Amino acid sequence: NIYAYDKYIAILKANKLTHYNSSGKEENIIEVQINNPITDINNRFLLIGEKNQKKLYLISSGNKVREKEIEGNITRVCVNKNGYSAVIISGTTYKSVIEVYDSTGKQIFKTYLSNSTAMDVDISFDNKYMSFAELTTNGTKISSIIKTVSIEKAKENPSESIINVYESKADTLILNIK
């Protein structure tokens with residue numbers, strides 16, 4: 001697996017993330033316990049997780065910023081240009097859980113989805129909003145909904161933090177958002 005971010009080309013092979021500079025010279029090697037990666041890159045950040053497993057790493061400027069073990073299985077990851085990150089998790093008592101972290105790795109809040117499945121997540125460049133696309137399958141009707149959450153409101157009261165809801169046309173699936 002090859003990733004281009006910041007000023008590096010990084011190659012993930014055999015649980016080692018090797019960084020090369022713009023001249024092709026090896027800069028450093030980071031040990032990561034990742035065999036089946038799921039990633040997101042934004043500016044100088046590389047967020048990498050083990051798909052359908054628990055390990056999550058935030059890499060910046062060729063260094064491991066944080067390592068985390070998630071409760072549940074990682075299905076999607078997102079990082080913004082400031083290092084804020086979000087992870088969609090399955091394999092819990094809920095259909096999906098979305099965890100949002102600040103740049104230091106402190107968990108800001110969780111969103112629990114008991115009747116729908118989160119398909120994608122994104123965080124605004126100013127760290128104020130998190131949006132997620134969810135898929136609802138009630139009976140024979142399939143619908144996609146995008147919800148936008150105020151991160152500031154979610155710190156105080158996550159259940160009252162949704163500030164916008166967009167429902168797609170019938171039988172339209174939204175799988176990626178930005």
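Residues numbered from 1 in each chain as written. Predicted model: local features only at pLDDT ≥ 70, side-chain atom pairs only at ≥ 80, totals over all residues. Heavy atoms only, no water.

Student: So what about unusual backbone geometry? Which residues, and what values?
Tutor: Where the residue is not glycine, phi is negative for most of them; where a peptide bond is considered, it is trans in most cases. A positive phi angle, near 65°, is found at asparagine 15, a position not held by glycine. Structurally, the position occupied by asparagine 15 is in the loop between β2 (8-13) and β3 (16-20). For asparagine 15, a relative accessible area of 18% corresponds to the buried category. Its identity is not glycine, yet serine 61 carries a phi of approximately 50°, on the positive side. Within the secondary structure, serine 61 is located in the loop between β7 (55-60) and β8 (63-69). Taking the relative accessible area as the measure of exposure, serine 61 reaches 30% and is therefore partly exposed. (Helix = DSSP H or I, 4+ residues; strand = E, 2+ residues; numbered from the N terminus. Buried < 20%, exposed > 50% of the residue type's maximum accessible area, 1.4 Å probe, protein only.)

Student: So what's going on with the nonpolar core? Residues and values would help.
Tutor: The biggest cluster of nonpolar side chains holds 17 residues, and the ones touching the most others in it are Ile98, Val100, Phe109, Val121, Ile123, Met130 and Phe132. Broken down by secondary-structure element, the contributors of at least two residues to this core are β10 (85-90), β11 (96-101), β12 (107-113), β13 (117-123), β14 (129-138) and α1 (151-156). If near-sequence neighbours (up to four positions away) are discounted, valine 121 is found in contact with Cys78, Ala86, Ile88, Ile98, Met130, Ser131, Phe132 and Ile177. (Core = buried A, V, L, I, M, F, W, Y, C linked by side-chain atoms within 4.5 Å. Contact = heavy atoms within 4.5 Å.)

Student: Which residues make up a nonpolar patch on the surface, and what are the values?
Tutor: Together, Ile142, Leu173 and Leu175 line one region of the surface with nonpolar side chains, adding up to about 240 Å² of accessible area. By the element assignment, leucine 175 lies in the segment after β16 (162-167). (Patch = residues over 30% accessible without salt bridge, like charges linked within 9 Å, V, L, I, M, F, W, Y side chains within 5 Å. Areas by Shrake-Rupley, 256 points an atom, 1.4 Å probe, with all protein chains shown as cover. Salt bridge = Lys/Arg side-chain N within 4 Å of Asp/Glu carboxyl O.)

Student: Quick one: what's the story with the pairing of β3, residue by residue and with numbers?
Tutor: Pairing of β2 with β3 involves five bridges; the strand directions are antiparallel. Note on β3: the bridge partner recorded for isoleucine 11 is threonine 18. Two elements, β3 and strand β4 (residues 26-31), share five bridges in a ladder whose sense is antiparallel. Bridge pairing in β4 places histidine 19 opposite asparagine 28. Linking β3 to β4, which pair antiparallel, is a turn of five residues; within it glycine 24 sits at a positive phi near 90°. (Pairing = 2+ DSSP bridges.)

Student: Tell me about the environment of serine 23, and name the residues and values.
Tutor: One can find serine 23 in the loop between β3 and β4. C-alpha separation for the pair serine 23 and asparagine 42, spaced 19 residues apart in sequence, amounts to 22 Å.

Student: Explain the sheet that holds β7 to me, and be specific about the residues and the numbers.
Tutor: Note: strands within a sheet are paired through backbone hydrogen bonds, in either parallel or antiparallel orientation. Spatially, the four strands line up as an open sheet ordered β5-β6-β7-β8, and their pairing is antiparallel. At either margin of the open sheet sits one strand with a lone partner, and together these are β5 (37-42) and β8. If you compare each strand with its neighbour and ignore which way they point, the axes differ by 15° on average. (Axes fitted to C-alpha atoms, helices over the stretch in contact; angles between N-to-C directions.)

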